[in-house]
Amino acid sequence: MRHWLDVPREGMAEFFQTAGEPEYRQRQFFAWLHARRVADFREMLDLPATLREKLAAAGHLRVLTEKVLRRSADGLTSKWLYHTPATPSVGVSPVESVLIVEQGRRRRTVCVSSMAGCPLGCVFCATGGLGFRRDLTAGEMLEQVYRADCHARENQGEGVSHVVFMGMGEPLLNLEAVLAAADRLGDPQGLGLSGRRLTLSTVGYPEGIRRLAEARRNWRLAVSLHAPRQELREKLVPAARRWPLVELFQALSYYRQASSHAITFEYCLVDRVNAGVGEARELVHLLQGCPARVNLIPLNPVDGFSGRPPPPPVVRRFQNILREAGIPATVRMEKGGDINAACGQLGGEFLAPTPDKP
Ligand code: SAH
Ligand code: SF4
């Protein structure tokens, strides 16, 4: 049975025509799905009961099963572990999303997954350790946003204000579904999110960056760089062997012509690996002539990787070298550390060693 959040307008029109329903009914249904984001057909009060039954028999409003919802002690971070419906090839798969409330509650950001697992295996990433299960559909991505939105409305009084594709998976390797989901988030008849409030984070897949440039969407782009030179980057990000820094920066200069937003580089700091004065200076050199901001993320320790986050003075020293060179650099402290809010961690914890722990 279909997931209604996956169905584009045309598909919906077809259903309403076949069911002999007038066109305005379709608009009402669309508003329940995407503007009000309800999870239950019974709430669709302006639709006749017979139509609600037909819609329920033809598709689902939610397909993800909530397995775990954890909230940090301060209540500002919530993290979900869902299970996807089973598919014949991979069965059920874990999917995570995180809601982070910041800036005196003015910013309510949901971090969504674009895949269950990830094929790229970055050494410090718990999702990478899980391996690839499957691509998520556009509807499964929207569902993560809508569920977090509902939670934010209940607990913070206001819904989601920002969406980042920074959960499990590489969004540019599932670009078609990500485009469909992100377009729907920007739909003025849905959530109506402005492009400034939507960020895609990529490991740095050059072909995907070019395709995104050609799609002309003007969302924000974050690139997970993690090292200023090829050989060091390959150690942290195995995919860098296939997608070298030179090609990445060529793709970024192409992208820059299409977008008005500065690119953000994410740089996960690992003590004694990529956080020294030498790396900071090399990074300054690499980013010369490329308007960008840098987001420094002290490593969030994960099982299976022996690296540690650098002590705070080392983080500050790295940040200062960038700032003195005129590169805006912020330090992102991991939110919700007490609930394993970092990428892939809850899924990893959940999958191994006891796969069916509630
Ligand atoms: N695949 C995309 C988006 C998901 S990962 C990408 O790599 O950009 C989102 C961000 O979390 C990336 O910058 C990633 O490097 C970072 N990340 C993953 N594991 C981390 C960890 N243990 N500590 C700190 N940052 C981590
Ligand atoms: Fe995949 Fe991103 Fe994790 Fe790397 S950091 S394994 S690209 S999710």
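Only a predicted model underlies this, so the values are computations on that prediction, with no experimental measurement involved.

**Student:** Would you mind going over the site of ligand 2 with me for this structure?
**Tutor:** With respect to spatial proximity, the complete set of residues near ligand 2 consists of C118, L120, G121, C122, C125, G128, G169 and V203. Partitioned by chemical class, the residues of the shell around ligand 2 number 5 nonpolar, 3 polar and no charged.

**Student:** What should I look at first to understand the packing of aromatic side chains in this one?
**Tutor:** Between two aromatic rings, the relevant description is the distance of the centres plus the angle of the planes. Taken as a whole and judged by the stated rule, the model has 8 aromatic pairs. Both rings, one in W4 and one in F29, keep their centres 5.0 Å apart while their planes meet at 85°; by these two values the pair is edge-to-face. Within this pair, whereas W4 is found in the loop between β1 (2-3) and α1 (9-18), its partner F29 is found in helix α2 (residues 23-35), the two being separated by 25 residues in sequence. The exposure class assigned to W4 is buried, which follows from its relative accessible area of 0%. Look at F16 and F29: their rings are 5.9 Å apart centre to centre, the planes differ by 45°, and that puts the pair in the tilted class. In this pair, F16 is assigned in helix α1 and F29 in helix α2, connecting sequence segments 13 residues apart.

**Student:** Just checking my understanding: could you explain the site of ligand 1 for this structure?
**Tutor:** In the vicinity of ligand 1 there are 18 residues, among which F124, S201, S224, H226 and N300 approach most closely. Contact between ligand 1 and E170: a nitrogen atom at 3.3 Å from a side-chain N or O atom of the residue. A distance of 3.5 Å separates an oxygen atom of ligand 1 from a polar atom in the backbone of T202. For ligand 1, whose free accessible area comes to 530 Å², the fraction covered by protein is 95%. Contributing elements (two or more residues each) for the shell around ligand 1: β10 (198-202) and β12 (263-269). Of the residues contributing to the shell around ligand 1, the split by class is 9 nonpolar, 7 polar and 2 charged.

**Student:** Explain the state of the cysteines here, please?
**Tutor:** By definition, a disulfide links the sulfur atoms of two cysteines through a covalent bond. Inspection of the entire model under this criterion finds 0 disulfides. Free of any disulfide, C268 has its nearest neighbouring cysteine sulfur in C125, separated by 9.3 Å. Given the relative accessible area of 8%, C268 is considered buried. The thiol of C290 is unpaired, and the distance to the nearest cysteine sulfur, on C122, comes to 20 Å.

**Student:** Honestly, the sheet that holds strand β3 (residues 65-71) in this entry has me stumped. Any pointers?
**Tutor:** The 10 strands are arranged β3-β4-β5-β6-β9-β10-β11-β12-β13-β14 in an open sheet whose pairing can be described as mixed. At either margin of the open sheet sits one strand with a lone partner, and together these are β3 and β14 (329-331). Across the sheet, the mean angle from the axis of one strand to that of its neighbour is 20°, orientation sign disregarded. One ladder, built from 3 bridges, connects strand β13 (residues 292-298) with β14; its direction is parallel. Bridge pairing in β14 links V294 to A329. Where helix α11 (residues 312-324) meets the sheet, it contacts β12, β13 and β14, and its direction lies at approximately 160° from that of β14.

**Student:** Can you help me understand the environment of T199 in this one?
**Tutor:** Mapped onto the elements of the fold, T199 is located in strand β10. A residue is classified by how much of its surface remains accessible, and T199, at 13% relative accessible area, is buried. It is 9.4 Å that separates the C-alpha atoms of T199 and A182, two residues lying 17 residues apart in sequence. Among all residues touching T199, those that are not within four sequence positions of it are V163, V164, F165, M166, R220 and A222.

**Student:** Sorry if this is basic, but what is going on with the nonpolar core here?
**Tutor:** If you look at the biggest cluster of nonpolar residues, it comprises 101 residues, and the most contacted ones within it are W4, F29, F165, L185 and F265. Two domains each put at least three residues into this core: domain 1 (2-60) and domain 2 (65-339). The contacts of W4, once residues within four sequence positions are left out, are M12, F15, F29, L33, F41, L55, A58, G59, H60 and L61.

**Student:** I tried to follow the domain arrangement of the chain on my own but got confused; where do I start?
**Tutor:** Where interface size is quoted, it is often the accessible area lost as the parts come together. One can read the domain layout of the chain as domain 1 (2-60) and domain 2 (65-339). Distance from the C-alpha centre of domain 1 to the C-alpha centre of domain 2: 33 Å. The interface is formed by 11 residues belonging to domain 1 together with 14 residues belonging to domain 2. Summing the contributions of domain 1 and of domain 2, the shared interface buries around 1,100 Å²; its carbon and sulfur component is 47%. Area buried by domain 1 at its contact with domain 2 is led by L5, H34 and R37, which between them contribute 49% of it. If you look at where domain 1 meets domain 2, you find 2 salt bridges. Notably, a salt bridge pairs D149 with R37, separated by 2.8 Å at the nearest N-O pair. At the surface where domain 1 touches domain 2, the tally comes to 9 residue pairs in polar contact (both at pLDDT 80 or more). Per-element tally for the side of domain 1 that touches domain 2: the top contributor is α2, with 4 residues.

**Student:** Is there a simple way to explain the pattern of salt bridges in this structure?
**Tutor:** Close approach of charged atoms allows side chains with opposite charge to pair. Counted under the stated rule, the structure contains 18 salt bridges. Salt-bridge contacts for D187 lead to R9; the nearest nitrogen and oxygen are separated by 2.6 Å. Note that D187 is positioned in the loop between α6 (175-186) and β10 and R9 in helix α1, a separation of 178 residues in sequence. Residue R9 is classed as partly exposed on the basis of its relative accessible area, which comes to 30%.

Rules used throughout
Residues numbered from 1 in each chain as written. Chains lettered and ligands numbered in written order. Predicted model: local features only at pLDDT ≥ 70, side-chain atom pairs only at ≥ 80, totals over all residues. Heavy atoms only, no water. Near = heavy atom within 4 Å. Nonpolar A, V, L, I, M, F, W, Y, C, P; charged D, E, K, R; others polar. Phe/Tyr/Trp six-rings, centres within 6.5 Å; stacked < 30°, edge-to-face > 60°. Helix = DSSP H or I, 4+ residues; strand = E, 2+ residues; numbered from the N terminus. Buried < 20%, exposed > 50% of the residue type's maximum accessible area, 1.4 Å probe, protein only. Polar contact = N/O pair within 3.5 Å; in protein donor to acceptor, adjacent residues only side chain to side chain. Areas by Shrake-Rupley, 256 points an atom, 1.4 Å probe, with all protein chains shown as cover. Disulfide = S-S within 2.5 Å. Pairing = 2+ DSSP bridges. Axes fitted to C-alpha atoms, helices over the stretch in contact; angles between N-to-C directions. Contact = heavy atoms within 4.5 Å. Core = buried A, V, L, I, M, F, W, Y, C linked by side-chain atoms within 4.5 Å. Domains from an automatic or database assignment. Buried area = accessible area lost by both parts, 1.4 Å probe. Salt bridge = Lys/Arg side-chain N within 4 Å of Asp/Glu carboxyl O.

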